[in-house]
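Now for the letters of each chain:
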Amino acid sequence: MKPIPPSSLLLAFVALAVTAGFAATPAENWEKHCVGCHGADGKAQTRIGRKAGAKDLTDKANQAKLTDDDIIKIVKNGRKNAKGEEKMEAFGDRLNDAEIAALVQQVRGFAK
Ligand code: HEC
C-alpha cells in the first residue's frame, strides 16, 4: 500500500471541518461579508455603502417593511436595481441556510 500524501490528509481534515459545521458566527460573517457596505453599526455610512445606496438598517420603519423571508432572499440572491445592475452581491453560494438565518437576527438586532 502506498503511503497517504500529507496534502490529502489536510484536505480530508478541511472537508470534515466544513461538514461538521465549523460555521462562522453571525458576527464573524457580518464582519467578513457585510461590513464593507453596511458598516459595523448597520447604518451603511461606508464609502461603498453610500455609493451603492444601501439603506440604514437601524431604521425601524424601514425594517418593518421586510419579513424575515425577504431578508433571507436578499442575502441569498443579492439585489439588483431596476436597470438590472447589481447593488448587493448574492451570498447563497458562500453562506449556508443556518448562517443566513443567523444573519437575519443580526440585521434585526440593528433596529432594536
Ligand atoms: C456590495 C455592497 C453590499 C454588501 C457586501 C452587502 N450588502 Fe446588503 N445591501 C446593499 C445595498 C446597496 C442594498 C440596497 C439594495 C436596494 O436598492 O434595494 C442592500 C440591502 C440589504 C438589505 C435590505 C435592506 C432594506 O431596507 O431593503 C439587507 C437586509 C441586507 N442588505 C443585508 C446584507 C447582509 C446580511 C450582508 C452580508 C451577508 C450584505 N447585506 C452585504 C449592499 C451590500
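## Quick notes on the coordination of the iron atom of the ligand
Within the protein, the atoms that donate to the iron atom of the ligand are His-38 (NE2) and Met-88 (SD), at distances of 2.0 to 2.2 Å. Classification of the site at the iron atom of the ligand rests on its six donor atoms, whose angles at the metal span 87 to 179 degrees, yielding the label octahedral. Within this pair, whereas His-38 is found in helix H2 (residues 26–38), its partner Met-88 is found in strand S2 (residues 86–88), the two being separated by 50 residues in sequence. Judged by its relative accessible area of 14%, His-38 falls in the buried class.

## Focus on the pattern of salt bridges
On inspection of all chains with the given rule, the structure shows five salt bridges. A salt bridge links Asp-69 to Lys-73; its shortest N-O distance comes to 3.4 Å. With a gap of four residues between them, Asp-69 and Lys-73 both fall in helix H5 (residues 68–77), about one helical turn apart. Across the pair Arg-94 and Glu-89 runs a salt bridge whose closest N-O atoms are separated by 3.3 Å. Take Arg-94: its relative accessible area is 42%, and that puts it in the partly exposed class. Each of Glu-89, Asp-93 and Arg-94 takes part in one network of salt bridges that share partners.

## Here's the deal with the environment of His-33
Along the chain, His-33 falls in helix H2. Taking the C-alpha atoms as reference, His-33 lies 9.7 Å from Leu-95; in sequence the two are 62 residues apart. With residues up to four places along the chain from it excluded, the contact list for His-33 reads Phe-91, Arg-94 and Leu-95.

## A short note on the nonpolar core
Among the nonpolar cores identified, the biggest contains 13 residues, and Trp-30, Leu-57, Ile-71, Val-75, Leu-95, Leu-103 and Val-107 are the most heavily contacted of them. Every element with two or more residues in this core is listed here: H2, H5 and helix H6 (97–110). Tallying contributions element by element places H6 first for this core, with five residues.

## Focus: the packing of H2 against H6
Look at H2 against H6: their axes get within 9 Å of each other, and the N-to-C directions meet at 85 degrees. As the angle between them shows, H2 and H6 are arranged roughly perpendicular. Note on element contacts: H6 touches H2 through Glu-99, Ala-102, Leu-103, Gln-106, Val-107 and Phe-110, opposite Pro-26, Ala-27, Asn-29, Trp-30 and Cys-34.

Procedures and definitions
Residues numbered from 1 in each chain as written. Predicted model: local features only at pLDDT ≥ 70, side-chain atom pairs only at ≥ 80, totals over all residues. Heavy atoms only, no water. Donors = N, O, S within 2.8 Å, 3.2 Å for Na, K, Ca; no water. Tetrahedral: all angles 85-135°; square planar, octahedral: opposite > 155°, others 65-115°. Helix = DSSP H or I, 4+ residues; strand = E, 2+ residues; numbered from the N terminus. Buried < 20%, exposed > 50% of the residue type's maximum accessible area, 1.4 Å probe, protein only. Salt bridge = Lys/Arg side-chain N within 4 Å of Asp/Glu carboxyl O. Contact = heavy atoms within 4.5 Å. Core = buried A, V, L, I, M, F, W, Y, C linked by side-chain atoms within 4.5 Å. Axes fitted to C-alpha atoms, helices over the stretch in contact; angles between N-to-C directions. Parallel < 35°, antiparallel > 145°, perpendicular 65-115°, else oblique.

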